[in-house]
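# Geometric and topological summary
Each chain, letter by letter, is given below.
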Amino acid sequence: MDWKTLQALLSGVNKYSTAFGRIWLSVVFVFRVLVYVVAAERVWGDDSKDFDCNIKQPGCPNVCYDHFFPISHIRLWALQLIFVTCPSFMVVMHVAYRDERERKHRVKYGEQTTKLYANTGKKHGGLWWTYLLSLFAKTFIEIGFLYLLHHIYDSFYLPRLVKCNIRPCPNVVDCYIGRPTEKKVFTYFMVGASALCIVLSVCEIIYLISKRIVRCANKMKAKERIRRLHTYREDDSKSTLPVADMDHPDYKPETRPDFKPNFKATLKPPPRSSRSVRASAPNLFFSAS
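Let me begin by describing the structure that accompanies this report.

Definitions and cut-offs
Residues numbered from 1 in each chain as written. Predicted model: local features only at pLDDT ≥ 70, side-chain atom pairs only at ≥ 80, totals over all residues. Heavy atoms only, no water. Pairing = 2+ DSSP bridges. Helix = DSSP H or I, 4+ residues; strand = E, 2+ residues; numbered from the N terminus. Contact = heavy atoms within 4.5 Å. Axes fitted to C-alpha atoms, helices over the stretch in contact; angles between N-to-C directions. Polar contact = N/O pair within 3.5 Å; in protein donor to acceptor, adjacent residues only side chain to side chain. Buried < 20%, exposed > 50% of the residue type's maximum accessible area, 1.4 Å probe, protein only. Parallel < 35°, antiparallel > 145°, perpendicular 65-115°, else oblique. Left-handed = near helix turned anticlockwise from the far one by under 90°. Nonpolar A, V, L, I, M, F, W, Y, C, P; charged D, E, K, R; others polar. Expected span 1.5 Å × (residues − 1). Core = buried A, V, L, I, M, F, W, Y, C linked by side-chain atoms within 4.5 Å.

To continue, consider the sheet that holds strand 1 (residues 52–53). Spatially, 3 strands are ordered 1-3-2 in an open sheet, and the strand pairing comes out antiparallel. Of all strands in the sheet, those bounded by a partner on one side alone are strand 1 and strand 2 (161–164). By the bridge criterion, 2 bridges tie strand 1 to strand 3 (residues 173–176) in an arrangement that is antiparallel. Within the sheet, the bridge partner assigned to Asp-52 lies in strand 3 and is Tyr-176. Packing against the sheet, helix 3 (residues 60–68) makes contact with strand 1, strand 2 and strand 3, and its axis sits at approximately 115 degrees to strand 2.

Take His-94: it is sitting in helix 5 (residues 88–109). It is 9.3 Å that separates the C-alpha atoms of His-94 and Tyr-131, two residues lying 37 residues apart in sequence. Residues in contact with His-94, not counting those within four places in the same chain, are Gly-126, Leu-127 and Thr-130. At a separation of 2.7 Å, a polar atom in the side chain of His-94 contacts the side chain of Thr-130.

By the secondary structure assignment, Phe-68 is in helix 3. With relative accessibility at 24%, the residue Phe-68 sits in the partly exposed group. With 96 residues separating them along the chain, Phe-68 and Cys-164 place their C-alpha atoms 8.9 Å apart. Filtering out sequence-adjacent residues up to four positions away, Phe-68 remains in contact with Phe-51, Tyr-153, Val-162, Lys-163 and Cys-164.

What follows concerns the packing of helix 2 (residues 19–44) against helix 4 (residues 73–85). For the pair helix 2 and helix 4, the least separation of the axes is 11 Å and the interaxial angle reads 160 degrees. Taken together, the axes of helix 2 and helix 4 lie roughly antiparallel to each other. You can see that helix 2 and helix 4 cross each other, and the crossing is left-handed. Residues Trp-24, Val-28, Arg-32, Val-33, Tyr-36, Ala-40, Glu-41 and Trp-44 of helix 2 form the contact with helix 4, whose own contacting residues are His-73, Ile-74, Trp-77, Ala-78, Gln-80, Leu-81, Val-84 and Thr-85. Here the contact of helix 2 with helix 4 is composed, by residue class, of 11 nonpolar, 3 polar and 2 charged.

Okay, the environment of Glu-204 next. Relative to the helices and strands, Glu-204 resides in helix 7 (residues 180–239). Overall, Glu-204 belongs to the buried group, its relative accessible area being 1%. Between the C-alpha atoms of Glu-204 and Trp-24, which are 180 residues apart in sequence, the distance is 9.5 Å. Not counting residues up to four positions away in its chain, the partners in contact with Glu-204 are Thr-18, Phe-20, Gly-21, Tyr-131 and Leu-135.

Further remarks concern helix 5. Spanning 22 residues, helix 5 covers 32 Å between terminal C-alpha atoms, matching the ideal 32 Å at 1.5 Å per step. Three or more residues of helix 5 are buried, namely Ser-88, Phe-89, Val-91, His-94, Val-95, Arg-98, Glu-102 and His-105. Where helix 5 terminates, the next one or two residues include Gly-110, which has phi positive at roughly 100 degrees.

What tends to happen in soluble globular proteins is that the nonpolar side chains get buried as a cluster. Core analysis: the biggest nonpolar cluster contains 32 residues, and Phe-51, Cys-64, Phe-69, Trp-77, Leu-149, Val-173 and Cys-175 have the highest contact counts within it. It is helix 2 that provides the largest number of residues to this core, a total of 5 residues. Leaving out residues up to four positions away in the same chain, Leu-149 has contacts with His-73, Leu-76, Trp-77, Phe-156, Thr-187 and Val-191.

What follows is about the pairing of strand 3. When a strand is regular, its side chains alternate between the sheet's two faces. Note: strand 2 against strand 3, 4 bridges, orientation antiparallel. Bridging from a neighbouring strand, Cys-164 pairs with Val-173 of strand 3.

Put into structure tokens, the structure is as follows:
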């Protein structure tokens, strides 16, 4: 399999992805594709030759190997990588569809016409749904392959010795798996990398949905502010006389009533008293005024 071609195809997805999508792509190529090509493919190789049984009955080792290894780890991982990366092509094809539609629109209406998309690679409208659908597809595919591997190989465990009593074996036969510890280590590593990709995909789904909810909430708040401002202006225009009505001949400006006090000054001089007041000096009298 030519993994360089797959890498070249997926490199176009990187510029349309979020931060979580770029990390997911790095994990896929570094911890899965690279490990698969460099190490895992050589460790498994031709597994049937390393599967030794303590009997030389024709057909018995092949039947036992097919029973315990219905599909090889290395081929199952190759299928998993292919199926997992396929949903990402949905985003690339959607962007290519937008580019082609934009090109036809310019050819039909001229170069100076208004663009259909401000940015064909921006995740708005249908492209947002396509990207979200690809994330769900990748997550379900990863979970499905992990369940398949767990179901076939009994919790990802590879024993050193297996006992087989399937025909044409005449009795219970002991069969030995080649390099079980090394294969077990690589199995756990690939399962861990697959689990990490699932976590990254779930985080990206949560990020996209929460960002969309925040954007919609901000739009609703902006519309509410505009509606309140419009209502306030309408109320203000109703309470204020328009300038056009001031030119009407019957228009009379409202004036405040003159305030006139209804009281009079009542200050009067104090009444004169006829009582005489005697001074301290003798024979001096004066009348109190």
